[in-house]
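Observations on chain architecture
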Amino acid sequence: LPLSNGQTPASVSDLRRARTRRPRSEFRGTFAELSSTLNPHMVAIFPFATPCENWTVAELQALQRKILKLRSHELNDIYGSAADPRHVDEIAVTSLWEAANAEAAG
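So, a few notes on the structure that sits alongside this text.

Criteria and thresholds
Residues numbered from 1 in each chain as written. Predicted model: local features only at pLDDT ≥ 70, side-chain atom pairs only at ≥ 80, totals over all residues. Heavy atoms only, no water. Helix = DSSP H or I, 4+ residues; strand = E, 2+ residues; numbered from the N terminus. Buried < 20%, exposed > 50% of the residue type's maximum accessible area, 1.4 Å probe, protein only. Areas by Shrake-Rupley, 256 points an atom, 1.4 Å probe, with all protein chains shown as cover. Lys, Arg positive; Asp, Glu negative; His and termini not counted. Charge placed at Lys NZ, Arg CZ, Asp CG, Glu CD. Core = buried A, V, L, I, M, F, W, Y, C linked by side-chain atoms within 4.5 Å. Contact = heavy atoms within 4.5 Å. Axes fitted to C-alpha atoms, helices over the stretch in contact; angles between N-to-C directions. Parallel < 35°, antiparallel > 145°, perpendicular 65-115°, else oblique. Nonpolar A, V, L, I, M, F, W, Y, C, P; charged D, E, K, R; others polar.

This paragraph deals with the overall build of the protein chain. Along its length, the protein chain carries 5 helices and 0 strands. Reading the protein chain from its N terminus to its C terminus gives the helix and strand order α-α-α-α-α. For the C-alpha atoms alone, the extent of the protein chain along its principal axes is close to 45 × 35 × 30 Å. Across the 106 residues of the protein chain, 14% fall into the buried class. Carbon and sulfur atoms provide 62% of the accessible area of the protein chain, an area that totals close to 8,500 Å². Averaging the coordinates of the 12 positive side-chain charges in the protein chain and doing the same for the 12 negative ones gives two points 8 Å apart.

See the structure below:
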């Protein structure tokens, strides 16, 4: 059943994964390897997705805003209580975007 905010409650497997700080081996790599490690998984799940390089910054930020609104608050709370880097602070993220956009505008 959907929650009052329209979200579906996190599944047991999602909650277990959220409490696990270290990703499974197939999802791990150095920061430099991040794209080459994760992109094949994304393409397998979303074969018709548009590659990031085909988006404008404004389009990417609009998509990120939509995703941010749809994130699971239940999982985000788990991440926050564990000081996990997957925790998303909406105010900090949007402030970062605004600062980057202002700097890019010159």
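Our next topic: the nonpolar core. Listed in full, the 6 residues of the largest apolar core are Ala10, Leu15, Ala18, Leu75, Ile78 and Tyr79. Elements with a contribution of two residues or more to this core: α1 (12-18) and α4 (73-81). The dominant element in this core, judged by the number of residues it contributes, is α4, at 3 residues. Those residues within four positions of leucine 75 in sequence are excluded, and the remaining contacts are Ala10, Asp14, Leu15, Arg17 and Ala18.

All right, on to unusual backbone geometry then. Within the chain, alanine 83 stands out as a residue other than glycine whose phi angle is a positive 50 degrees. With respect to the element layout, alanine 83 can be found in the loop between α4 and α5 (90-105).

This part takes up the packing of helix α3 (residues 57-70) against α5. Contact geometry of α3 with α5 gives a least axis separation of 12 Å together with a crossing angle of 170 degrees. In terms of orientation, α3 and α5 fall into the roughly antiparallel class. Side by side, α3 and α5 meet where Val57, Gln61, Gln64, Arg65 and Leu68 of the first sit next to Glu90, Trp97 and Asn101 of the second. In terms of residue class, the contact of α3 with α5 is made up of 3 nonpolar, 3 polar and 2 charged.

This part covers the side chain of glutamine 61. Relative to the elements of secondary structure, glutamine 61 occurs in helix α3. With residues up to four places along the chain from it excluded, the contact list for glutamine 61 reads Trp97 and Asn101.

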